[in-house]
Amino acid sequence: MEKEKMRKSNKIGLFFKKCGQSFMNLLFPEDIKCLFCGSDIPNFDDKPYCDECEKVLPFNDGHRCLICDEPIDNEANVCDSCQKNKRFFVKAFCPFVYKGLVRKAILNYKDKNKRYMAKSFAKFIANTVTKTGIKFDYISFVPMTKKKEKERSFNQSKLLAKELGKLLELEVKEVFEKTKDGRLQKNSTFKERQENIVGMYKLKDGVKLKNSDVVLIVDDIITTCATINYCSGLIVNKVAGVYVAAIARNKLRIVKDNKSDPLVPF
Ligand SMILES: [Zn+2]
Ligand SMILES: [Zn+2]
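About the cut-offs
Residues numbered from 1 in each chain as written. Chains lettered and ligands numbered in written order. Predicted model: local features only at pLDDT ≥ 70, side-chain atom pairs only at ≥ 80, totals over all residues. Heavy atoms only, no water. Pairing = 2+ DSSP bridges. Helix = DSSP H or I, 4+ residues; strand = E, 2+ residues; numbered from the N terminus. Axes fitted to C-alpha atoms, helices over the stretch in contact; angles between N-to-C directions. Parallel < 35°, antiparallel > 145°, perpendicular 65-115°, else oblique. Left-handed = near helix turned anticlockwise from the far one by under 90°. Contact = heavy atoms within 4.5 Å. Nonpolar A, V, L, I, M, F, W, Y, C, P; charged D, E, K, R; others polar. Donors = N, O, S within 2.8 Å, 3.2 Å for Na, K, Ca; no water. Tetrahedral: all angles 85-135°; square planar, octahedral: opposite > 155°, others 65-115°. Buried < 20%, exposed > 50% of the residue type's maximum accessible area, 1.4 Å probe, protein only. Expected span 1.5 Å × (residues − 1). pLDDT = per-residue confidence, 0-100. Lys, Arg positive; Asp, Glu negative; His and termini not counted. Salt bridge = Lys/Arg side-chain N within 4 Å of Asp/Glu carboxyl O. Polar contact = N/O pair within 3.5 Å; in protein donor to acceptor, adjacent residues only side chain to side chain.

1. Re the sheet that holds strand E8 (residues 221-222)
The strands making up a sheet associate through hydrogen bonds between their backbones, and the pairing can be parallel or antiparallel. Read across the sheet, 3 strands follow the order E2-E10-E8 without closing on themselves; strand pairing throughout is parallel. Each of the sheet's edge strands pairs with one partner strand only, and the pair in question is strand E2 (96-97) and E8.

Below you can see the structure in the form of structure tokens.
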């Protein structure tokens, strides 16, 4: 009788264990699959993508702007936009160019609610940032309006910042608040975008900043720098230094045909 009871309880235990495993796999499927194409890979922790994807991944490792990390086609060290416009951040770090597989993966992460991808994206950013040797005091992120965050159910930049915070062992601080949404025209100039953005973001009430702080602001994609530049500008005179990081750098261009990637609205 006792034996029968034991057998039954073991069976029940096993059943729950199995359920737990499937549940965990649902939550963390990244442990086994390529981040970009979903195929099986041998060791996710070493490399979260397969050999085939590796061949075509758009790493942002070519000649690029010393300030905003945008790929540059000519010999200049600083891009036209950074030469013409004042930057309030010292430097941007973006491990990828926003195109191809990376663009697809980021859209999946944001729009299809694949939150587990944040951890891997954060690893790429962490590798890039760690190489610089800069010591940050904390991480912040580009906020969403409460309405937008509710619609999407999560803020992709906040989640990235949290995962990055775990990897770099840094606190994540909510420094900014987005007070209103606004759509910006694809073809608007940097100046127009910068003007449109005034009043969209502000410092969060009660946030305390020290003039010795070195801050890293996280966003998902950097396109025109207008958003991160504006947020950087809100704190630049109150802290020691502002740096920014994103998964990918979108090369700014005027969209003239439908085949191009559309510029990402803020
Ligand atoms: Zn792959
Ligand atoms: Zn630049």
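Don't stop here, the text continues.
2. As for the packing of helix H4 (residues 100-111) against helix H5 (residues 117-132)
Orientation of H4 relative to H5, taken along the N-to-C sense of each, is 135°, at an axis distance of 10 Å. The pairing of H4 with H5 is recorded here as oblique in orientation. Judged by the twist between their axes, the crossing of H4 over H5 is left-handed. Contacts from Ala105, Ile106, Asn108 and Tyr109 of H4 reach H5 at Met117, Ala118 and Phe121. Of the residues in the contact of H4 with H5, the class split is 6 nonpolar, 1 polar and no charged.

3. Things to note about the coordination of the zinc ion (ligand 1)
Coordination of the zinc ion (ligand 1) by the protein is provided by Cys34 (SG), Cys37 (SG), Cys50 (SG) and Cys53 (SG), with metal-donor distances spanning 2.3 Å. Bound by 4 donor atoms, the zinc ion (ligand 1) shows angles of 102 to 120° at the metal and therefore tetrahedral coordination geometry. Counting residues between consecutive donors of the zinc ion (ligand 1) along the chain gives the motif C-x2-C-x12-C-x2-C. Owing to a relative accessible area of 3%, Cys34 belongs among the buried residues under this scheme.

4. Considerations on the coordination of the zinc ion (ligand 2)
When a metal holds four donors in a tetrahedron, each ideal angle between them is 109.5 degrees; when it holds six in an octahedron, the ideal angles are 90 or 180 degrees. Each protein donor to the zinc ion (ligand 2) is listed here as Cys65 (SG), Cys68 (SG), Cys79 (SG) and Cys82 (SG); together their distances run 2.3 Å. Taken together, the 4 donor atoms surrounding the zinc ion (ligand 2) define angles of 106 to 116° at the centre, an arrangement classified as tetrahedral. Every donor residue of the zinc ion (ligand 2) comes from the same chain, spaced as C-x2-C-x10-C-x2-C. One end of the pair, Cys65, is in the loop between helix H2 (51-56) and helix H3 (80-84); the other, Cys79, is in the loop between H2 and H3, and 14 residues separate them in sequence. Taken individually, Cys65 and Cys79 each receive the classification buried, so the pair is uniform in this respect.

5. Some points on H5
Its 16 residues give H5 an end-to-end C-alpha distance of 24 Å, which sits within 8% of 22 Å, the value for a rise of 1.5 Å per residue. Taken together, the buried positions of H5 are occupied by Met117, Ala118, Ser120, Phe121, Ala122, Phe124, Ile125, Ala126 and Val129. On its buried side, H5 packs onto strand E1 (91-93), E2, H4, helix H7 (156-168), strand E7 (214-218) and strand E9 (241-245). Following H5 by one or two positions, Gly133 adopts a phi angle in the positive range, close to 75°.

6. Some words on the confidence of the model for the protein chain
Taken as a whole, the protein chain shows an average pLDDT of 85; of its residues, 80% reach a score of 70 or greater. A low-confidence stretch, residues 254-266 stays under pLDDT 50, and its non-local contacts, those more than four residues away or across chains, total 34 contacts.

7. Examining the side chain of Arg87
With respect to the helices and strands, Arg87 occurs in the loop between H3 and E1. Despite being buried, Arg87 has no salt bridge partner; Glu70 is the closest side chain of opposite charge, sitting 6.4 Å away. Side-chain polar atoms of Arg87 contact the side chain of Ser81, separated by 3.1 Å.

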